[in-house]
Amino acid sequence: MKTGLSRRSFLKAGAAGIAIKVSLLPSPTQAELIETPPRPGADWLAAGGKPKYRLDAIAKVTGGKTFSRDYRARDLAGWPKEQAHAFTLKATRVDRVFDGIDLGLLGDDLKPDRLVLHEDLVADGVAIPVPGFYGDVFFVPKGQTARLLGQPVAMLIYHDFARYDAAKRKLRFNDKVVRYGPEGPSTTPGPYGAARYVRIDGGNPDAEDRYSSLKETTIRAGFKGEEPQWPAPGDGDAMARGMAAAAEIEREIAAADDEALVLRRSFTSQSADASAMEADNGNVWYDRASGLLHALIATQSPYEVAEMAAHMVSKSTFPLKSIDLKVGYTVGYGTKDHAIFPFYCVLAGLYGDGRPVRLANDRYEQFQTALKRHGFQMEKVMVIDRKTGRFRAMTGRYRTDGGGRENFSVSVGTVGATAAQSIYYLPKSDFSATIVSSRAVDAGSMRGYGTLQTMAATEMMVDEAAEALGLDPMEFRRRNALKAGMKNSQGAIPSGAMRHGEILDRAQQHPLWANRQTRKAAFEAANPGKKYGVGYGHVHKDYGTGAESALCALEFDAAGRLKLSHVAHEIGTGATTSQAVMAAGLLGRQPDETEFGKVRWPQMPLETTDEPYTLSQEEEDKRKANPRWTPSFTSPMSASNSVYYLGHATREAARVLVDLAIWPAARSLWSRGIGGGQMAPEAVRREDLRIVDGRVTAAAMQPLAFAEIAAEAHRLGLVTGVTVHSFNRWQWAEAEFDLPDTGKRRFAIDALAVKYGEGAPAARRDLMTQDGWHFVERAAVFYPPAQRNNAGVTYYAPMATLAEIVVDTGSGEISLLSHHSILECGNQIVPELVSGQIQGGIAMGIGHALKEYLPLHEDGPGDGTWNWNRYELPVSKDVAVWSQTAEVLPPLSDTDPPKGMAEVVMIAVVPAIANAVAHAIGKRFYSLPITSEKIREALA
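**Student:** Is there a simple way to think about the overall build of the protein in this case?
**Tutor:** Each helix and strand in the protein was counted, giving 21 helices and 36 strands. Whereas a compact globule of 940 residues would reach a radius of gyration of roughly 30 Å, the protein reaches 29 Å, a difference of no more than 12%. In terms of principal-axis extent, the alpha carbons of the protein reach across some 90 × 75 × 65 Å. Counting across all 940 residues of the protein, residues that qualify as buried make up 61%.

**Student:** What exactly am I supposed to notice about the side chain of Glu-852 here?
**Tutor:** By secondary structure assignment, the location of Glu-852 is in the loop between helix 19 (831-850) and strand 36 (884-888). Here Glu-852 sits buried without a salt bridge, and the closest side chain of opposite charge, Arg-373, lies 6.9 Å off (N-O distance). At 2.6 Å, the side chain of Glu-852 forms a polar contact with the side chain of Tyr-871. If we ignore the near neighbours within four places in the chain, the residues touching Glu-852 are Gln-270, Asp-273, Met-844, Gly-847, Tyr-871, Glu-872, Leu-873, Pro-874 and Pro-929.

**Student:** Any chance you could explain the pattern of salt bridges here in plain terms?
**Tutor:** Where charged atoms of side chains with opposite charge meet at close range, the side chains can pair. For the coordinates displayed, the defined rule picks out 71 salt bridges. Here Lys-111 makes a salt bridge to Asp-108, at a shortest N to O gap of 3.4 Å. Judged by relative accessible area, Lys-111 falls into the partly exposed class, the value being 43%. The exposed category is assigned to Asp-108, whose relative accessible area is 64%. Here Asp-362 makes a salt bridge to Arg-172, at a shortest N to O gap of 1.8 Å. Residue Asp-362 is found in the loop between strand 16 (357-360) and helix 7 (363-369), and its partner Arg-172 is found in the loop between helix 3 (161-171) and strand 6 (178-183); the two are separated by 190 residues along the sequence. Using a relative accessible area of 18% as the deciding quantity, one classes Asp-362 as buried. Because the salt bridges share partners, they merge into one network encompassing Lys-90, Lys-168, Arg-172, Asp-362 and Glu-365.

**Student:** Help me understand helix 13 (residues 516-526), please; the structure alone is not making it clear to me.
**Tutor:** In an α-helix there are 3.6 residues to a turn, and that puts residues three or four apart on one side. The complete set of buried residues in helix 13 reads Arg-516, Lys-520 and Glu-524. Buried residues of helix 13, seen end-on, are gathered within an arc of 55° and therefore sit on one face of the element. Residues of helix 13 that are exposed and point more than 90 degrees away from the buried face comprise Thr-518, Ala-525 and Ala-526. Those residues of helix 13 that are buried are in contact with helix 12 (511-514), strand 21 (530-542) and helix 20 (909-921).

**Student:** Would you take a moment to explain the pairing of strand 15 (residues 322-327) for this structure?
**Tutor:** Among the 6 residues that make up strand 15, 6 are buried, leaving the element largely enclosed by the rest of the structure. Both faces of strand 15 are covered, namely the face carrying Ser-322, Asp-324 and Lys-326 and the face carrying Ile-323, Leu-325 and Val-327. Bridge analysis of strand 14 (residues 292-297) against strand 15 gives 5 bridges, and the strand direction is parallel. Bridge pairing in strand 15 links Ala-295 to Leu-325.

**Student:** Explain the environment of Phe-476 to me, please; I cannot follow it from the model alone.
**Tutor:** Relative to the assigned elements, Phe-476 resides in helix 10 (residues 473-480). On a C-alpha basis, the gap between Phe-476 and Val-462 in space is 8.2 Å, while along the polypeptide they are 14 residues apart. Setting aside anything within four residues of it in sequence, one finds Phe-476 in contact with Ile-384, Gly-389, Phe-391, Val-462, Ala-465, Ala-466, Leu-469 and Leu-471.

**Student:** When you look at the environment of Gly-862 in this model, what are you seeing that I'm missing?
**Tutor:** Structurally, Gly-862 can be placed in the loop between helix 19 and strand 36. Classification of Gly-862 by relative accessible area gives buried; the value is 1%. For the pair Gly-862 and Glu-365, spaced 497 residues apart in the sequence, the C-alpha separation amounts to 9.0 Å. Setting aside residues no more than four positions away along its own chain, Gly-862 makes contact with Ala-91, Thr-92, Leu-149, Gly-150, Gln-368 and Val-441.

**Student:** Looking at this structure, I do not really get the packing of aromatic side chains. What am I missing?
**Tutor:** The description of an aromatic ring pair uses the distance of the two centres, along with the angle that the planes make with each other. As enumerated under the stated definition, the model contains 34 aromatic pairs in all. An angle of 80° between the planes, with centres 5.4 Å apart, marks the rings of Phe-556 and Phe-706 as edge-to-face. Of this pair, Phe-556 sits in strand 22 (residues 548-556) while Phe-706 sits in helix 17 (residues 706-716), and the two are 150 residues apart along the sequence. For Phe-706, a relative accessible area of 4% translates into the label buried. Put simply, the rings of Tyr-543, Tyr-644, Tyr-645, Trp-730, Trp-732 and Tyr-795 touch in pairs and so form one group of aromatic residues. One residue, Arg-516, lies across the ring of Trp-513, its end atom 3.7 Å from the ring centre. The ring centre of Tyr-756 lies 5.6 Å from the NZ or CZ of Arg-764, which sits over that ring.

**Student:** Just checking my understanding: could you explain the packing of helix 5 (residues 302-312) against helix 6 (residues 341-350) for this structure?
**Tutor:** The packing of two helices is summarised by the inter-axis angle and the distance between the axes. Between helix 5 and helix 6, the least distance of the axes is 10 Å, while the angle of their chain directions is 50°. When the interaxial angle is binned, helix 5 and helix 6 end up oblique. As for the relative orientation of helix 5 and helix 6, their crossing is right-handed in sense. Of the residues in helix 6, those touching helix 5 at Glu-304, Val-305, Met-308, Ala-309 and Met-312 are Pro-342, Phe-343, Val-346 and Leu-347.

**Student:** Sorry if this is basic, but what is going on with the sheet that holds strand 27 (residues 704-705) here?
**Tutor:** Hydrogen bonding along the main chain pairs the strands of a sheet, whether they run parallel or antiparallel. If you trace the 3 strands from one edge of the open sheet to the other, you get 25-26-27, paired in antiparallel fashion. Across the chains shown, the open sheet's two edge strands, defined by having one partner strand only, are strand 25 (690-692) and strand 27. Where strand 26 (residues 695-697) lies against strand 27, 2 bridges are found, and the strand directions are antiparallel. The residue of strand 27 that forms the bridge with Val-696 is Leu-704. Seen against the sheet, helix 16 (residues 642-670) touches strand 26 and strand 27 and runs at an angle of roughly 70° to strand 26.

**Student:** Whenever I open this one, the side chain of Asp-592 confuses me. Can you help?
**Tutor:** Position of Asp-592 relative to the elements: it lies in the loop between helix 14 (575-587) and strand 24 (593-595). Among the polar contacts listed, one links the side chain of Asp-592 to the side chain of Arg-589, at a separation of 3.1 Å. Setting aside residues no more than four positions away along its own chain, Asp-592 makes contact with Pro-40, Gly-560, Arg-561 and Leu-562.

**Student:** Any chance you could explain the nonpolar core here in plain terms?
**Tutor:** A general tendency of soluble globular proteins is for nonpolar side chains to be buried together. In this structure, Phe-138, Met-155, Leu-554 and Trp-670 are the most contacted members of the largest nonpolar core, which totals 213 residues. The greatest single-element share of this core, amounting to 18 residues, is contributed by helix 16. Ignoring any residue separated from it by four or fewer positions in sequence, one finds Trp-670 in contact with Trp-663, Gly-676, Gly-677, Gln-678, Met-679, Leu-689, Val-696, Thr-697, Ala-698, Met-701, Gln-702 and Leu-704. Within the second largest apolar cluster, 21 residues are counted, among which are Phe-87, Phe-98, Val-140 and Val-153.

Reading the values: rules and limits
- Residues numbered from 1 in each chain as written.
- Predicted model: local features only at pLDDT ≥ 70, side-chain atom pairs only at ≥ 80, totals over all residues.
- Heavy atoms only, no water.
- Helix = DSSP H or I, 4+ residues; strand = E, 2+ residues; numbered from the N terminus.
- Rg over C-alpha atoms; globule rule 2.2 N^0.38 Å.
- Buried < 20%, exposed > 50% of the residue type's maximum accessible area, 1.4 Å probe, protein only.
- Lys, Arg positive; Asp, Glu negative; His and termini not counted.
- Salt bridge = Lys/Arg side-chain N within 4 Å of Asp/Glu carboxyl O.
- Polar contact = N/O pair within 3.5 Å; in protein donor to acceptor, adjacent residues only side chain to side chain.
- Contact = heavy atoms within 4.5 Å.
- Arc of directions from axis to C-beta.
- Pairing = 2+ DSSP bridges.
- Phe/Tyr/Trp six-rings, centres within 6.5 Å; stacked < 30°, edge-to-face > 60°.
- Lys NZ or Arg CZ within 6 Å of the ring centre and 35° of its normal.
- Axes fitted to C-alpha atoms, helices over the stretch in contact; angles between N-to-C directions.
- Parallel < 35°, antiparallel > 145°, perpendicular 65-115°, else oblique.
- Left-handed = near helix turned anticlockwise from the far one by under 90°.
- Core = buried A, V, L, I, M, F, W, Y, C linked by side-chain atoms within 4.5 Å.

Below, the structure written as structure tokens:
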């Protein structure tokens, strides 16, 4: 049995237990974001701390080099100017063994300068990183079948572009180049995993659960063939007790009488392509003489790419002393997080004969090899009390196809299962996920991450249940919506207030909903042959992975110049902009210098095995005694984690700097003069400190400019730089630190390094031994218990969408007239960025509901013939671009943290459209996308 309990976790436990150690290279492994001017200008922030533009905006709109794909070797300082190019040949059959390649078509002039096969990697000792997660081989070995359609069989490297381009054109679509022998046994891996989440409450929402994953455990299964073999029910261990609880729920469903509505439905959600405009790409130069590997790669997870690249060659004939990874801006909707493509780029560089080699997918190759959205098969049962209109129980069986490499498939399946309850309180629930392999292109992280599939189906079913009960769909939702303090299907209480009631109020009062019946009658009377409908979808999406970690540094010189360094980098969400805005909001001073995508943090000599999901409580208790140990070093850009989780590091670094530098420096300045200066007559407390219009004040004290504060902090030798490391396991880790002259302090971080000002005494400056920083070993640390992994999630952002559609009963065409969305995301850091995410996410959801579809196997993208001429994406006319509206609930207070919302914005529109179609034509659909062909068939 394999498990992948948490999103984006590539760490798994096998039958004998597999623990993968990720350790730092003894020599520096570093990464940095390629910065394109302008950095924050002097007038970047307007009044109120609002940025005038995204940090990357001007370069992007003026055609500057910003994305990784824009760069060639000549654009990179210190790189050779001669650029080599590579492409791969791929298997389009998995039933016959690979028998080599025939390059005769190329002739002598177009033969590659270097041909790389599986046997070359074996001879050189180059291994695939994280076996299992990324499969077992890069290239199909001769005499074996391919593990999946589209798996590379060889790499061709050319020292010049002209020959590369001509060769690639000659070989494309030619089915004689890759040779196949006789039929061979399948090498596709077996099923990837299965997990089950069972909960029975204690009789009411406030009572202790009789059984839940958080209280007891998540249930795991082995396999017989492709079918999970769940433990036997009983009163023994926690899994047996969980299966007994599941059996109790099944008996209740079977025995339900006429007082209960029992609704059983099957749903299908399709495989889809992310269709990110920047296809996967990388440029790698390996200098054997120096042992340096230089790389520029489009990725959402630079730390993982750098570390795993080191593991690839750790036992090879390629000497490696250091990796210098640069990351440009990118966009991937999750598919550039822990993807295998960057490691093919590393292979290209290793075999480039000392030349930089660029490997970049064209769109055909992107469809053939890039990570896909998982297709889901779903069997769902709802049991609802007819008198009260409230849920009694809900079950779901979710089966997903992960393709020929495991990647995040187990995690996607289990996250989908835990999200299936959507926004509703369920007294009893039983959700299971079964994740199987196939010869399909591998699926992995993609916006929505399994929750799109399961929550959309739940919302479609909720509307149908309301109709069967004779209840208004809004009223039915209102009776069952989660309220603050209620538990999710894993038995955990979500963070903060649940504001679904407010969203329902606004949606119910919106003209689209309030007037839907009169609009329908009027429209259809005026437009014969067309049917009008309005539908509603209401969901909430978790954000984070359950093991989020980040690093941030803030430091200033004596003149008051502020520098921000961060692990975050830009993937299209505006994360770099929002991190700078957050820092400025707390310090009253925008950063003068920014450094993003940073991986090398010499001031943080932390030790980790990166096992945050599999480490036992006993083992963690032992390890945390080491003041340099942390469960995880850093997170990729994924899971809507930037504004809340990565932003927490920014906010904590700024708060620490306020406590240790700004507050004491301000007190010193206000206390100057006889008798204690202007401060003496007042009772000035730390909580009185305010930063107003960029100046520091408190309790009527003279406002101070940041430059004055900085000069005083340096004169006094106070802390003038702070680096923090944060960790979250559905709850923040905290630690206590003993600092010179400041005493013991507790912060919501687990590691701290500081710099001291120019006036610090020699003894204090001697402490700055870590690249000019003093790493402060913590006095105590408080990590959330390991059992909290079973919470599944505690952080949610809700979103609801109303969709107004018209169905042409002749053609079956569905036209979206307008849509309105309601989002709750705490305090918005940059409202314009939130608006952009809403608009883009909804467009993706519309595509999923109405257009996008990929066959899984031989007629799917693995054959190399798919492009946007075959894959239909929504365009402006399909998304009601000029008639879409949205609103964001105001925060409850100015202390509300921002919520990660980049994924939730695409989900609610999917069931809203499906429910609108049902309102229009009286037909419900259980398979996506809802195409014109399906409409015509239903109306025939």
